[in-house]
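Each chain, letter by letter, is given below.
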Amino acid sequence: MQHLILTLVFVFSSIALSFAQENNNNSEGATITASVVNVLNDKGAIKFAFYTKENFRMKPLFAKSAHIKNGKSTVTFSNVPEGEYAIISYHDENNNGRMDFFENGMPKESYGTSNNPMNFGPPTFESSKFKVADKNLSLEIKF
C-alpha cells in the first residue's frame, strides 16, 4: 500500500509540475484529441499528461489542462510523431495543481488513462498505450 501511495503521489506531482511546459516542436505529425467523458462535476479542471514508454509516470512529453463543461473535458496534442504513447489524466477538482489523497493513500480525485484499463494499483504503460501512425486519433478516457 505504501508503494502504491508513493507511486501515485510521484505520478501526479510530475504531471502538475509539467503544465507550464509548452511544446515548441514545429515538425509535422498527427493530432491526438483526448477527452474525459464522465467527469462527476464541472468544478476545477482536467489535467492531461502525454508519455512515451521511457518517461511513463515521470515528466511528460506534453501536459495540458482543460475546463470541464457538462461532465466533459477535451484537449488536443498537435505534431505528435509516429510511435507508442499513453495519456494519464486526473480531475483537479479544487484547482490546487496536484492530486489529492485521503489519509489512507487512496485518491480523492478521479483519474484515468488511455485505453481505460481496470488496473489495481498504479497505471502501467502496457495497459494504457496506443499507437500513433499517419492518422489523427480521438481518444475517450473514462474515470
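Structure shown above.
The rules behind each value
- Along every chain, residues carry numbers that run from 1 in the direction the sequence is written.
- Whole-chain, interface and lining totals are the exception, using all residues; otherwise, since this is a predicted model, local features are given only for residues with pLDDT of at least 70 and side-chain atom pairs are given and counted only at 80 or more.
- Neither water nor hydrogens contribute to the side-chain values; these are computed over all heavy atoms in the structure.
- For the purposes of this entry, the term helix denotes a DSSP run of H or I that reaches at least four residues, the term strand denotes a run of E that reaches at least two, and both are numbered from the N terminus.
- Only protein chains enter the calculation, and the probe is 1.4 Å; a residue is then buried if its accessible area is under 20% of its type maximum, exposed if over 50%, and partly exposed in between.
- Contacts are residue-level and defined by heavy atoms, with any inter-residue pair within 4.5 Å sufficient.
- Shrake-Rupley sampling with a 1.4 Å probe provides the accessible areas, and residues are treated as covered by the protein chains on show and by no other component.
- Think of it this way: DSSP has to see at least two bridges between two strands before they count as a pair.
- Here Asp and Glu are counted as negative and Lys and Arg as positive; His is not counted, and neither are the chain ends.
- Each salt bridge in this description consists of a side-chain nitrogen of Lys or Arg and a carboxyl oxygen of Asp or Glu lying within 4 Å of one another.
- As used in this structure description, the phrase polar contact means that two N or O atoms lie within 3.5 Å; if the pair is within protein, one of them must be able to donate a hydrogen and the other to accept it, and residues adjacent in sequence are counted only when both atoms belong to side chains.
- Paired rings are identified among Phe, Tyr and Trp, the last through its six-membered ring, by centres lying within 6.5 Å, and are further divided according to the angle between planes into stacked (under 30 degrees), edge-to-face (over 60) and tilted (the rest).
- A ring is scored as having a charge over it whenever the NZ atom of a lysine or the CZ atom of an arginine sits within 6 Å of its centre and within 35 degrees of its normal.

> I keep staring at the overall build of the protein and nothing clicks. Help me out?
Broken down by element type, the protein carries two helices and eight strands. For the protein, the succession of helices and strands along the chain, N to C, is α-β-β-β-β-β-β-α-β-β. Here the protein holds 143 residues, and 43% of them are scored as buried. Within the protein, counting contacts between residues at least 6 apart in sequence, those at least 24 apart form 72% of the total. Accessible surface, the protein as shown: approximately 8000 Å² in total, 51% of it carbon and sulfur.

> Looking at this structure, how should I read the pairing of strand β2 (residues 45–51)?
If a strand is regular, its side chains alternate between the two faces of the sheet. Counting buried positions along β2 gives seven out of seven residues, so the element sits mostly inside the fold. Bridge count between β2 and strand β3 (residues 62–66): five bridges; the pairing is antiparallel. Paired with Ala 49 across the strands is Ala 63, a residue of β3.

> Please clarify how the environment of Val 80 should be interpreted in this entry.
Among the structural elements, Val 80 can be located in strand β4 (residues 73–80). On the accessibility criterion, Val 80 (0% relative accessible area) is buried. The sequence separation of Val 80 and Glu 28 amounts to 52 residues, and the corresponding C-alpha distance is 7.4 Å. Discounting residues that sit within four places of it in the chain, Val 80 has contacts with Gly 29, Ala 30, Ile 32, Phe 50, Phe 62, Tyr 85 and Val 132.

> Got a minute to help me understand the side chain of Glu 109 in this structure?
With respect to the helices and strands, the residue Glu 109 is situated in the loop between β5 (83–92) and β6 (111–113). No salt bridge is formed by the buried Glu 109, whose closest oppositely charged neighbour, Arg 98, lies at an N-O distance of 6.9 Å. Within the local environment of Glu 109, its side chain forms a polar contact with the backbone nitrogen of Glu 93, the two atoms lying 3.0 Å apart. A distance of 2.9 Å separates the side chain of Glu 109 from the backbone nitrogen of Asp 100, its partner in a polar contact. Ignoring anything within four residues of it in the chain, the contact list for Glu 109 reads Tyr 90, His 91, Asp 92, Glu 93, Asn 94, Arg 98, Met 99 and Asp 100.

> So what exactly am I meant to see when it comes to the packing of aromatic side chains here?
Within a pair of aromatic rings, the relevant descriptors are the distance that separates the centres and the angle that separates the planes. In the structure shown here, the tally under the stated rule is eight aromatic pairs. Look at Phe 50 and Phe 130: their rings are 6.0 Å apart centre to centre, the planes differ by 80°, and that puts the pair in the edge-to-face class. In this pair, Phe 50 sits in strand β2 while Phe 130 sits in strand β7 (residues 130–132), placing the two residues 80 residues apart along the sequence. When the centroid spacing of 5.7 Å and the interplanar angle of 75° are considered together, the rings of Phe 56 and Phe 125 count as edge-to-face. Of the two residues, Phe 56 is situated in the loop between β2 and β3 and Phe 125 in helix α2 (residues 125–128); the sequence distance between them amounts to 69 residues. An aromatic cluster is built from Phe 50, Phe 62, Phe 77, Tyr 85 and Phe 130, whose rings are joined through pairwise contacts. Over the face of the ring belonging to Phe 77 we find Lys 64, whose NZ or CZ atom lies 5.6 Å from the ring centre.

Such coordinate-based values are descriptive only and should not be taken to indicate function.
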